[in-house]
Amino acid sequence: MSASFTAEELFQWIEEGRDYVYLDVRGEEDHARFSIEGPSEITLLNIPYYDFMEDPEGAVAQLDPSSTYRTICAKQGSAMFVAEVLGEAGFEDVRWLEGGMTGWGQVLIPKRISTPEGYELWQFNRPGKASCSYGLVHEGQMMVFDPSRNADFYTSFAEAHGVRITHLFETHLQADYVSGGASLAAATGATYHAHDGDFASSTLSYTSVVDGATVSFEGGRGPGVLCTHAPGHTPGSTVYLIDERYMVSGDTVFIVSVGRPDLGKKVVEWAKQLYATLKERICTLPDALMVLPGHYTDWGTEATEDHLIMNDFGTIKALNESIYGLDREEDFIAYIVDNMRDQPEVYNTIRQVNAGLLSPAAEELDTMDLGKNECAASHMAA
Amino acid sequence: MAHDDEIDCSGMNCPLPVLKTKMKIDGMAAGSTLKVITTDPGSCQDIPAWANRVGHEVVETGEGDGKFWFMVKRGE
Ligand SMILES: [Fe+2]
């Protein structure tokens, strides 16, 4: 029986630049659609598991016995099967991914952001989705921003750190992943903050975000969270300014690019809103403000040396001169339209799930919740 | 549609549906058709992708009652 490894270990190995060869044994289509990635380059091969059934010698002959293989599949059975085949062929230390890509898609990696004393700020990176949620901790309480579906992660994190989850915030109605907001609110009793612009037609019970209002920890001490309505990516998009130093920017501001305003099939209307938001509400913020985005596309350009997805707003404006440099609304709209591309069909279903209008079975949720996001207005910064 | 043999892989997870299908069809005559029944959603891509790769042909597929089925015609 060969040994396995967890999705957390996999991330750590990628982060450390371990010299492994990752062997994805899913079909070529699945591999092309969604694969593993992380803070450093990896060696990744794709040989479908059925090749190891039809022609085991031929499949094995494509591999180098002096390399160390880590096998990956959709769930885990096929990766285990291939690990056994390789073991029998004399390959040493072959291991397979527990829970497969489904597990990888859900894993969250907590990293602490250095802050002034008195509170802790955590980035919870979800490498399988290239998305980030956040935790703000102060005196035994934790606020969570944009929790993803893996609710157990947040409750275990809170328990391990001896804190209670007291507030949950949505930056917008997510289209690309299943939110954990409503289920965490139910599990913890935390106040669930969301904007009417996105959530008015939902069946969820939530507290309406008020533009310009500050949400505080119980007891009134600690950093405040200033809610700023930032329509464009969606009508109810909101950014949260923490302690006047950090901005949880959702899908409004990314390190590279901005959130695409074409997901609601009203591209011109929403692009106009986004233009106004950027000019009047975002560009007026200080350059030193640290931006904590909801997504990223590329580790290489968007992560810090410590593998945090964040940067200061001044640098972000410079990186995205092709967007922030546009000074006429019509030029901005043209830029958005030029960069438009299809959105995955599943986004419509995910929006309905996140608004409480649909509740599919867990396995169906797993499937719709997998795969990298498609939230940025453009793929490349200029 | 008419088929020469049938294999029920209900309840089996990857890689078993493809493995059992392969073992079964290997013992059948070229040109004959095997009906494969599965419940694992992963098999919907894997059975056709495997068949395509090794020279068999999936001539018909369907689903219902939480099950999927495939008519696989053995290649030469
Ligand atoms: Fe989004």
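Bear in mind the structure is a predicted one, so any value in this text is a computation, not a measurement.

### Description of the overall build of chain B
Along its length, chain B carries two helices and four strands. Start at the N end of chain B and walk to the C end: the helices and strands fall as β-α-β-α-β-β. Relative to the 2.2 N^0.38 estimate, which gives 11 Å for 76 residues, the radius of gyration of chain B is 11 Å and therefore close to what a compact globule would have. The C-alpha extent of chain B, read off along each of the three principal axes, is 30 × 25 × 15 Å.

### A word on the sheet that holds strand β6 (residues 109-113) of chain A
Residue and element names in this part refer to chain A. Strand order in the open sheet made by the seven strands is β6-β7-β8-β9-β10-β11-β12, with mixed pairing throughout. Each of the sheet's edge strands pairs with one partner strand only, and the pair in question is β6 and β12 (207-208). As paired strands, β6 and strand β7 (residues 120-126) are joined by five bridges and run antiparallel to one another. Bridge assignment links Pro-110 to a residue of β7, and that residue is Phe-124. Lying on the sheet, helix α8 (residues 181-188) is in contact with β10 (164-169) and β11 (191-194); it crosses β10 at an angle near 150°.

### Observations concerning the coordination of the iron ion
All names here are of chain A. Looking at the iron ion, the protein donor atoms are His-172 (NE2), His-233 (NE2) and Asp-251 (OD), and they sit 2.1 to 2.3 Å from it. Of note, the donors binding the iron ion are all from one chain and are spaced H-x60-H-x17-D. Of this pair, His-172 sits in the loop between β10 and α8 while His-233 sits in the loop between β14 (225-229) and β15 (238-242), placing them 61 residues apart in sequence.

### Observations regarding the packing of helix α10 (residues 267-282) of chain A against helix α14 (residues 329-338) of chain A
Residue and element names in this part refer to chain A. Two elements in contact, α10 and α14, have axes separated by 9 Å at closest approach and are oriented at 125°. Considered as vectors, α10 and α14 are oriented oblique to each other. As α10 packs across α14, the resulting crossing turns out to be right-handed. Seen from α10, the contacting residues are Val-267, Val-268, Ala-271, Lys-272, Leu-274, Tyr-275 and Leu-278; seen from α14, they are Glu-329, Phe-332, Ile-333, Ile-336 and Val-337.

### Concerning the nonpolar core
A:Leu10, A:Trp104, A:Leu136, A:Phe145, A:Val225, A:Met247 and A:Val253 are the most contacted members of the largest nonpolar core, which totals 67 residues. The residue makeup of this core includes at least three contributed by each of domain 1 (3-104) and domain 2 (108-381) of chain A. Setting aside residues up to four positions removed in sequence, A:Leu136 forms contacts with A:Tyr119, A:Glu120, A:Leu121, A:Gln141, A:Met142, A:Met143, A:Phe145, A:Phe217, A:Pro223, A:Val225 and A:Ile242. Grouped together as the second largest cluster of nonpolar side chains are 36 residues, A:Met53, A:Phe81, B:Cys14 and B:Ile47 included.

### Description of the environment of A:Gln76
Mapped onto the elements of the fold, A:Gln76 is located in the loop between β4 (69-72) and α5 (77-88). In the structure, A:Gln76 is positioned 27 residues away from A:Gly103 in sequence and 9.4 Å away in space, judged by C-alpha atoms.

### Some details on the side chain of B:Ser43
Residues and elements named next belong to chain B. Tracing the sequence through the fold places Ser-43 in helix α2 (residues 43-54). On the accessibility criterion, Ser-43 (3% relative accessible area) is buried. Look past the residues within four positions of Ser-43 in its chain and what remains in contact with it is Pro-17, Thr-38, Pro-48, Phe-68 and Phe-70.

### Let's talk about the sheet that holds β14(A)
Residues and elements named next belong to chain A. The strand order across the open sheet built from six strands is β13-β14-β15-β16-β17-β18, with neighbouring strands paired in mixed fashion. The sheet is open, and its two edges are formed by β13 (214-215) and β18 (311-312), each paired on a single side. As judged from the five bridges shared by β14 and β15, these two strands associate in the antiparallel manner. Along β15, the bridge assignment pairs Leu-226 with Leu-241.

### Examining the domain arrangement of chain A
All names here are of chain A. Per the domain assignment, the segments of chain A are domain 1 (3-104) and domain 2 (108-381). Computed over C-alpha atoms only, the centres of domain 1 and domain 2 are separated by 32 Å. Taken together, the contact pairs 10 residues of domain 1 with 12 residues of domain 2. Taking both partners together, domain 1 and domain 2 bury about 1,100 Å²; carbon and sulfur atoms supply 64% of that area. Contact with domain 2 buries surface across domain 1, with Phe-11, Phe-34 and Glu-37 losing the most and accounting together for 44% of the total. The tally of links between domain 1 and domain 2 comes to two salt bridges. Across the salt bridge formed by Lys-75 and Glu-363, the nearest N and O atoms sit 3.4 Å from each other. Viewed at the interface, domain 2 and domain 1 are joined by three residue pairs in polar contact (both at pLDDT 80 or more). Sorting the residues of the side of domain 1 that touches domain 2 by element identifies α1 (7-16) and α6 (100-106) as the ones contributing at least two each.

Quick notes on the rules
- Residues numbered from 1 in each chain as written.
- Chains lettered and ligands numbered in written order.
- Predicted model: local features only at pLDDT ≥ 70, side-chain atom pairs only at ≥ 80, totals over all residues.
- Heavy atoms only, no water.
- Helix = DSSP H or I, 4+ residues; strand = E, 2+ residues; numbered from the N terminus.
- Rg over C-alpha atoms; globule rule 2.2 N^0.38 Å.
- Pairing = 2+ DSSP bridges.
- Contact = heavy atoms within 4.5 Å.
- Axes fitted to C-alpha atoms, helices over the stretch in contact; angles between N-to-C directions.
- Donors = N, O, S within 2.8 Å, 3.2 Å for Na, K, Ca; no water.
- Parallel < 35°, antiparallel > 145°, perpendicular 65-115°, else oblique.
- Left-handed = near helix turned anticlockwise from the far one by under 90°.
- Core = buried A, V, L, I, M, F, W, Y, C linked by side-chain atoms within 4.5 Å.
- Buried < 20%, exposed > 50% of the residue type's maximum accessible area, 1.4 Å probe, protein only.
- Domains from an automatic or database assignment.
- Buried area = accessible area lost by both parts, 1.4 Å probe.
- Salt bridge = Lys/Arg side-chain N within 4 Å of Asp/Glu carboxyl O.
- Polar contact = N/O pair within 3.5 Å; in protein donor to acceptor, adjacent residues only side chain to side chain.

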